[in-house]
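Next come the chains, spelled out residue by residue.
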Amino acid sequence: MYMSKIRCDMHNKYVRKGEDNEAYTHKNIQTLFEGNRESVNALYIKEMIGDVLYYKVQSDVPPVISDKTQGLEIVSITDLDDYNFLKEFDYVNFVIVASPSRWIFDAEKQKRARRGLEHKDERINWMIRKLSDGGVSVGNIREHKLDSTVFYHGENKGEIFGYEYTGNFIVDDWDAFIKMVNKGIGPCKAYGMGMFVLS
């Protein structure tokens, strides 16, 4: 698994489009990789440093700039296959951007639909349950609401409500933990949700 730091050229129109429609960001990041989305398994988060926008991208294969890539520059690539360094710590600090939700039946559309959780206690419990399923015991956790993420599929506008979770945990089951980190947490991974930042 690889963690890459990608610098964005904010003068590039495609990068700017991604600020208004997250689907452009997702498509642009996918141009850094050969293969289909499932085999690449790319997760990302955005990070502003001063007035420069970066993407932190986690993937199963290293990124490569292609002729399809628009306004992105690879700053660094780190191989993350070895998590043994985390075993030195009693607690692992984390940051996760996620969109806690549940499945409901939409009577109007006559199909299942995903709905965001409205109450903070529900969202915190959702995150703790997901982390526990991934082989960890949470020490503490805090939630911070983020601006909504907008995307379009054709003429249809969608909006994702994301939250940043910070805190620490103890790893109880390393196999389950590594599987969780590789897969990410929750829905909307194509739109910047679900990736861990660990320290």
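Residues numbered from 1 in each chain as written. Predicted model: local features only at pLDDT ≥ 70, side-chain atom pairs only at ≥ 80, totals over all residues. Heavy atoms only, no water.

**Student:** Break down the sheet that holds strand β12 (residues 196-198) for me, citing the residues and quoting the values.
**Tutor:** Strand pairing in a sheet takes place through backbone hydrogen bonds and is either antiparallel or parallel in direction. Spatial strand order, β8-β11-β5-β12: four strands in an open sheet with antiparallel pairing. This sheet does not close on itself; its edge strands, each paired only once, are β8 (136-145) and β12. Strand after strand, the sheet turns through a mean of 20° between neighbouring axes, direction not considered. Bridge analysis of β8 against strand β11 (residues 163-171) gives nine bridges, and the strand direction is antiparallel. In the sheet register, E143 faces β11, and the bridge partner there is Y165. In the packing of helix α4 (residues 120-133) onto the sheet, the strands contacted are β5 (92-98), β8, β11 and β12, and the crossing angle to β8 comes to about 145°. (Pairing = 2+ DSSP bridges. Helix = DSSP H or I, 4+ residues; strand = E, 2+ residues; numbered from the N terminus. Axes fitted to C-alpha atoms, helices over the stretch in contact; angles between N-to-C directions. Contact = heavy atoms within 4.5 Å.)

**Student:** Mind laying out the packing of aromatic side chains, listing which residues take part and the relevant values?
**Tutor:** Under the counting rule described, the total for this entry stands at seven aromatic pairs. Through a chain of ring-to-ring contacts, the aromatic side chains of F94, F169, W174 and F177 assemble into a single cluster. For the cation-ring pair, K27 lies above Y24, with the distance from its terminal atom to the ring centre recorded as 5.9 Å. One Lys or Arg, R112, reaches over the ring of W103 and ends 4.3 Å from the middle of that ring. (Phe/Tyr/Trp six-rings, centres within 6.5 Å; stacked < 30°, edge-to-face > 60°. Lys NZ or Arg CZ within 6 Å of the ring centre and 35° of its normal.)

**Student:** Which residues make up the side chain of T69, and what values go with them?
**Tutor:** Inspection of the secondary structure puts T69 in the loop between β3 (52-59) and β4 (72-79). In terms of polar contacts, T69 uses its side chain to reach the side chain of T31, at 3.0 Å. Beyond its immediate stretch of four places on either side in the chain, T69 contacts N28, T31, L32 and V64. (Polar contact = N/O pair within 3.5 Å; in protein donor to acceptor, adjacent residues only side chain to side chain.)

**Student:** Kindly report on the sheet that holds strand β2 (residues 43-49), identifying the contributing residues and their values.
**Tutor:** The four strands lie next to each other as β2-β3-β1-β4, forming an open sheet whose pairing is antiparallel. One side of each edge strand has no neighbouring strand; the edge strands of this open sheet are β2 and β4. Ignoring which end each strand starts from, the neighbouring axes of this sheet average 20° apart. Both strand β1 (residues 2-8) and β4 contribute to a ladder of seven bridges, which runs antiparallel. For I6, the partnering residue across the bridge sits in β4 and is I74. The sheet contacts of helix α2 (residues 22-30) involve β2, β3 and β4, and relative to β2 the element is tilted by about 110°.

**Student:** How would you explain the environment of G167 if you had to name every residue and give the values?
**Tutor:** By the element assignment, G167 lies in strand β11. Of the residues examined, G167 reaches a relative accessible area of 8% and is grouped as buried. Placed 71 residues apart in sequence, G167 and I96 show a C-alpha to C-alpha distance of 9.2 Å. Setting aside anything within four residues of it in sequence, one finds G167 in contact with V92, N93, F94, N140, I141 and R142. (Buried < 20%, exposed > 50% of the residue type's maximum accessible area, 1.4 Å probe, protein only.)

**Student:** Tell me what's going on with α2, and back it up with residues and numbers.
**Tutor:** Counting buried positions along α2 yields seven of nine residues, so the element is predominantly enclosed. Among all positions in α2, only E22, A23, T25, H26, N28, I29 and Q30 are buried. Here the buried face of α2 lies against α1 (13-20), α3 (37-40), β2, β3, β4 and β9 (149-153).

**Student:** Tell me about the nonpolar core, and name the residues and values.
**Tutor:** Judged by nonpolar contacts, the single largest core of 33 residues is most densely connected at I96, M127, L131, Y165, F169, I185 and F196. Of all elements in the fold, only β2, β5, α4, β8, β11 and α5 (174-183) reach the threshold of two or more residues within this core. With five residues, the single largest contributor to this core is β5. Beyond its immediate sequence surroundings of up to four residues, I185 is in contact with I96, W126, M127, K130, L131, M180, G194 and F196. (Core = buried A, V, L, I, M, F, W, Y, C linked by side-chain atoms within 4.5 Å.)

**Student:** With reference to specific residues and values, describe the environment of G194.
**Tutor:** Here G194 is to be found in the loop between α5 and β12. Judged by its relative accessible area of 0%, G194 is buried. Taking the C-alpha atoms as reference points, G194 and N156, 38 residues apart in sequence, are found 23 Å from one another. Once residues within four sequence positions are removed from consideration, G194 is found in contact with L43, I96, V97, A98, G184 and I185.

Coordinates in, geometry out; function isn't part of it.
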